[in-house]
Amino acid sequence: MNKQIEILEDVFNNFLGESNIFKNREALRHDYIPDYLPHREEEIRILGQILGPSLRGMLCSNVLVYGKTGTGKTAVAKFVINRLAAKANEIKSPLRVSFVNCRLAGTEYRVLSALCSSINVKVPFTGLALGEVFDRFKSALNSKRIVLVVALDEIDALIKERGDTLLYELTRINENLSKSKVSILGISNDLRFKDMLDPRVLSTLSEEEIVFRPYNAEELQDILKQRAEIAFKKGVSYEAAIKLCSAIAAAEHGDARRALDLLRVAAELAEREGKSIISEDHVYQAQKRIEHDRVAETLKTLPIHSKIVLLSVFLISKHKRKGLMTGDIYNVYCELCGEMNINPLTQRRVSGLINELDVMGLVNSRVVSLGRYGRSKKTTLGVPFKVVKEVFLEDERMRNMINYVPKYLNSIH
DNA sequence: TGTCCACTGGAACGTACGGCTT
DNA sequence: AAGCCGTACGTTCCAGTGGACA
């Protein structure tokens, strides 16, 4: 065995070997559905009551479920739907359920084809017109006696992408069906979703509404405790970590997903150190790590002009000039474009790009007035120098410019 | 008190592109 | 293959503006 194979052998064995920490890593993923959902009894009961009639072959009300990310909407919906399907199976009810994530599906076509496959209608991956697929869907429903409960997760994605034709058709489908019935459970974390909807669709869709409140710190703790018991081995000490994770997540938006991520990354850090104690320090490190990764990821995926604008901000702040006005940034931006052989955009557009960077949190900018000297946006870098440098060094086109000293800076004192 | 700077940000319009229909 | 449509991204034009300064 040569040296390299030995090294790999070691690395792989590390993964295969017994972990000090994890018993079941999956339990900390946010798509994991435990068989008990703490602090969501009420929501489960209400949703169960709404969907219940479908068990007896009756049409139930359409429901719209709202709430911010990580409030347990998807988990509750899946939980109830799964139980509903199990119960239907038990009593031989003609009930079918279908759970589709609209954002993951991507297009109306794929959402619809997922619905088709839930009632055993086969449609090709591509090639058919939407209307044709919908007709097949309807005629299949018409030929059988089925009560179909459709859960559309991240339903807002369906609207934003391409109007609301599919939703409109779906909400009206019962008018054209003689034997079967379709009920819709829509899940959205965009609270403005209702405004974007055609009022006719909205009124049909939201016969019932359930709003999910964010979790508070104590509730988050209960959730984490429950998951931790499944995920971690006996003897692993994690109480302090859980407290901190809950506190951090509660201070943000009461996002359980965030809390779980923190705990998972903290645990992985502890694991890598070969420890069986997940400390508060691990959580702080995890927080940094997650933030770092998020920023690095957004930086990487930025379009080229936004990158150059950001680099301009970076370079000017690096050379200790504070109070970057849009004019300064634009001048440096144009200079960089010249060096890189890229056609610069107009100042109007760059001003817009700065706003976009601001929304992403990569820069902070606010409009200030300098009286006689005009009115402009004052912009500062919103992320650590280190991260910007790190990411841009990996970028072939940006690499050479990271140490560039703009001539423009010499022309102003 | 009025002027005037250096922009901001809305609006209309141009262009490229991808997907769908014919 | 060709035409159509919606969307994304940019440009051009311009009215509007907060506050230092004369």
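Computed from a predicted structure; not experimentally measured.

## Quick word on helix 14 (residues 280–300)
Right, on to step 1. The first and last C-alpha atoms of helix 14 sit 30 Å apart over 21 residues, in line with the 30 Å expected at 1.5 Å per residue.
Right, on to step 2. Taken together, the buried positions of helix 14 are H282, V283, A286, V295, A296 and L299.

## What about unusual backbone geometry?
Only a minority of non-glycine residues have a phi that is not negative, and only a minority of peptide bonds are not trans.
Right, on to step 1. Positive phi values are uncommon outside glycine, yet E154 reaches one of about 50°.
Right, on to step 2. Classification of E154 by relative accessible area gives buried; the value is 16%.
Right, on to step 3. At N341, a residue that is not glycine, the phi angle is positive and equals roughly 65°.
Right, on to step 4. Mapping N341 onto the fold places it in the loop between helix 16 (326–340) and helix 17 (347–359).

## A closer look at the protein's contact with DNA strand C
Right, on to step 1. Taken together, the residues surrounding DNA strand C are L345, T346, R348, R349, S369, L370, G371, R372, Y373, G374 and R375.
Right, on to step 2. Across the atoms of DNA strand C situated within 4 Å of the protein, the share located in sugar and phosphate is 65%.
Right, on to step 3. The separation between a sugar or linking oxygen of DNA strand C and a polar main-chain atom of R372 is 3.3 Å.
Right, on to step 4. Of the residues contributing to the surface near DNA strand C, the split by class is three nonpolar, four polar and four charged.

## Focus: the protein's contact with DNA strand B
Right, on to step 1. Looking at DNA strand B, there are 15 residues lining it, with T326, R348, R372, G374 and R375 nearest.
Right, on to step 2. Per the 4 Å cut-off to the protein, sugar and phosphate atoms form 65% of the nearby atoms of DNA strand B.
Right, on to step 3. Separating a phosphate oxygen of DNA strand B from a side-chain N or O atom of T326 is a distance of 2.5 Å.
Right, on to step 4. A distance of 2.8 Å separates a base oxygen of DNA strand B from a polar atom in the side chain of R348.
Right, on to step 5. Elements that contribute at least two residues to the surface near DNA strand B include exactly helix 16, helix 17 and strand 8 (375–381).
Right, on to step 6. In terms of residue count, helix 17 provides more of the surface near DNA strand B than any other element does, four residues in total.
Right, on to step 7. The residue makeup of the surface near DNA strand B, split by class, is three nonpolar, eight polar and four charged.

## Details of the sheet that holds strand 3 (residues 147–153)
Right, on to step 1. What the five strands build is an open sheet, ordered 2-3-4-1-5; its pairing is parallel. The sheet is open, and its two edges are formed by strand 2 (95–101) and strand 5 (208–212), each paired on a single side. Pairs of neighbouring strands in the sheet enclose a mean axial angle of 15°, with direction left out of account.
Right, on to step 2. With seven bridges joining them, strand 2 and strand 3 adopt parallel strand pairing. Directly across from S98, in strand 3, lies its bridge partner V150.
Right, on to step 3. Set on the sheet, helix 2 (residues 41–51) makes contact with strand 1 (63–67), strand 3, strand 4 (181–188) and strand 5; between it and strand 5 the angle comes to about 165°.
Right, on to step 4. Each of strand 2 and strand 3 is contacted by helix 5 (residues 108–118), which is oriented at about 155° to strand 2, the strand it contacts most.

Calculation criteria
- Residues numbered from 1 in each chain as written.
- Chains lettered and ligands numbered in written order.
- Predicted model: local features only at pLDDT ≥ 70, side-chain atom pairs only at ≥ 80, totals over all residues.
- Heavy atoms only, no water.
- Helix = DSSP H or I, 4+ residues; strand = E, 2+ residues; numbered from the N terminus.
- Expected span 1.5 Å × (residues − 1).
- Buried < 20%, exposed > 50% of the residue type's maximum accessible area, 1.4 Å probe, protein only.
- Near = heavy atom within 4 Å.
- Polar contact = N/O pair within 3.5 Å; in protein donor to acceptor, adjacent residues only side chain to side chain.
- Nonpolar A, V, L, I, M, F, W, Y, C, P; charged D, E, K, R; others polar.
- Pairing = 2+ DSSP bridges.
- Axes fitted to C-alpha atoms, helices over the stretch in contact; angles between N-to-C directions.
- Contact = heavy atoms within 4.5 Å.

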